[in-house]
Amino acid sequence: LVLLAGALGLSGHVGGVGVVALLRMILFFAIVIPDTAVAARRMHDIDRSGWWILMPAAVGAAASLLCLLVAGGSLMAEVQTLVAVSQTNDPELFLSGLTALIVPMIWVTGPILLAKIVTLVFRCTPGTHGGNRFGPDPKAHGGLA
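Residues numbered from 1 in each chain as written. Predicted model: local features only at pLDDT ≥ 70, side-chain atom pairs only at ≥ 80, totals over all residues. Heavy atoms only, no water.

Trainee: Before we go on, may I ask you to explain the packing of aromatic side chains in this structure?
Mentor: The description of two aromatic rings rests on the distance between their centres and on the angle between their planes. Enumeration over the complete set of coordinates arrives at two aromatic pairs. Taking the centre distance of 5.2 Å and the plane angle of 70° together, the rings of Phe 28 and Phe 29 count as edge-to-face. Pairing Trp 52 with Phe 122 gives two aromatic rings, centres 5.1 Å apart and planes at 85°, and the pair type is edge-to-face. Taken as a pair, Trp 52 in the loop between helix H2 (19-45) and helix H3 (55-86) and Phe 122 in helix H4 (residues 91-124) lie far apart in primary sequence, 70 residues in all. Sitting above the plane of the Trp 52 ring, Arg 48 keeps its charged end 5.3 Å from the centroid. (Phe/Tyr/Trp six-rings, centres within 6.5 Å; stacked < 30°, edge-to-face > 60°. Helix = DSSP H or I, 4+ residues; strand = E, 2+ residues; numbered from the N terminus. Lys NZ or Arg CZ within 6 Å of the ring centre and 35° of its normal.)

Trainee: Looking at this model, I keep getting lost on unusual backbone geometry. Mind explaining?
Mentor: If a residue is not glycine, its phi is most likely negative; likewise, a peptide bond is most likely trans. The backbone of Asp 47 shows a phi angle near 65°, a positive value even though the residue is not glycine. Inspection of the secondary structure puts Asp 47 in the loop between H2 and H3. Under the relative-accessibility criterion, Asp 47 is labelled partly exposed at 29%. (Buried < 20%, exposed > 50% of the residue type's maximum accessible area, 1.4 Å probe, protein only.)

Trainee: Where do I start with the environment of Lys 139 in this structure?
Mentor: For Lys 139, the position within the fold is in the segment after H4. On the accessibility criterion, Lys 139 (80% relative accessible area) is exposed. Along the chain, Lys 139 and Gly 127 lie twelve residues apart, while their C-alpha atoms are 9.4 Å from each other.

Trainee: I'm lost on the confidence of the model for the protein in this one. Help?
Mentor: It should be kept in mind that the predicted coordinates are not to be read in detail where pLDDT is low. Confidence along the protein averages 81 in pLDDT terms, with 86% of residues attaining 70 or more. Ranking the elements of the protein by mean pLDDT puts strand E1 (residues 13-14) last with 58 and H2 first with 89. (pLDDT = per-residue confidence, 0-100.)

Trainee: Whenever I open this one, the pattern of salt bridges confuses me. Can you help?
Mentor: It is possible for side chains of opposite charge to pair when their charged atoms get near one another. Under the criterion given, the structure shown has four salt bridges. Linking Arg 42 and Asp 45 is a salt bridge whose minimum nitrogen-to-oxygen distance equals 3.5 Å. Here Asp 45 and Arg 42 lie together in helix H2, a separation of three residues that amounts to about one turn. Under the relative-accessibility criterion, Arg 42 is labelled buried at 19%. Measuring nitrogen to oxygen at the nearest pair gives 3.2 Å for the salt bridge that ties Arg 133 to Asp 47. Pair noted here: Arg 133 is in the segment after H4 and Asp 47 is in the loop between H2 and H3, with a separation of 86 residues, a long-range link. Look at the salt bridges and you will find they share partners, linking Arg 41, Arg 42 and Asp 45 into a network. (Salt bridge = Lys/Arg side-chain N within 4 Å of Asp/Glu carboxyl O.)

Trainee: Explain a nonpolar patch on the surface here, please?
Mentor: Taken together, Leu 65, Leu 66, Leu 69, Val 70, Val 103 and Trp 107 make up a surface patch of nonpolar side chains, about 640 Å² in accessible area. Elements with a contribution of two residues or more to the nonpolar patch: H3 and H4. Along the polypeptide, Leu 65 turns up in helix H3. (Patch = residues over 30% accessible without salt bridge, like charges linked within 9 Å, V, L, I, M, F, W, Y side chains within 5 Å. Areas by Shrake-Rupley, 256 points an atom, 1.4 Å probe, with all protein chains shown as cover.)

Trainee: Whenever I open this one, the environment of Pro 126 confuses me. Can you help?
Mentor: Structurally, Pro 126 is set in the segment after H4. For Pro 126, a relative accessible area of 66% corresponds to the exposed category. Between the C-alpha atom of Pro 126 and that of Asp 45, which follows or precedes it by 81 residues, the distance is 8.0 Å. Dropping the residues within four chain positions of it, Pro 126 is found in contact with Arg 42 and Ile 46. (Contact = heavy atoms within 4.5 Å.)

Trainee: For this particular structure, what's the right way to read the side chain of Thr 119?
Mentor: Summarising the element assignment, Thr 119 is placed in helix H4. Its relative accessible area of 10% is what places Thr 119 among the buried residues. At 2.9 Å, the side chain of Thr 119 forms a polar contact with the backbone oxygen of Lys 116. Discounting residues that sit within four places of it in the chain, Thr 119 has contacts with Met 43, Trp 52, Met 55 and Pro 56. (Polar contact = N/O pair within 3.5 Å; in protein donor to acceptor, adjacent residues only side chain to side chain.)

What follows is the structure, encoded as structure tokens:
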């Protein structure tokens, strides 16, 4: 979308919102329901509940909560220090403060990445042969399409 907007000369803002951000938001809302439906159907094809598609979000929420519980006060202090240091225009001091935030970010993003890999493997797994608890095999002769 960024390349398309640049090629078409669409830049600037519409009502305080960037044109590219507005296009991304429209695209997101256009595909979120069909993507969710296809993902849930894919989980049903491999005899898993459609709720598995929420695993990355649930893992992300749990990892974020755990990170805040373990390092909440010190993490907030690091963020406030980083904001204060960023206004001094000292790049070395800013980078040293930024490294203190890398470990908590890995604690949160690492489990999310693993959960996304699991759901990707689920999406690529061949469906069960024959019917399962979610209905008949759509590829079987005479099955639902």
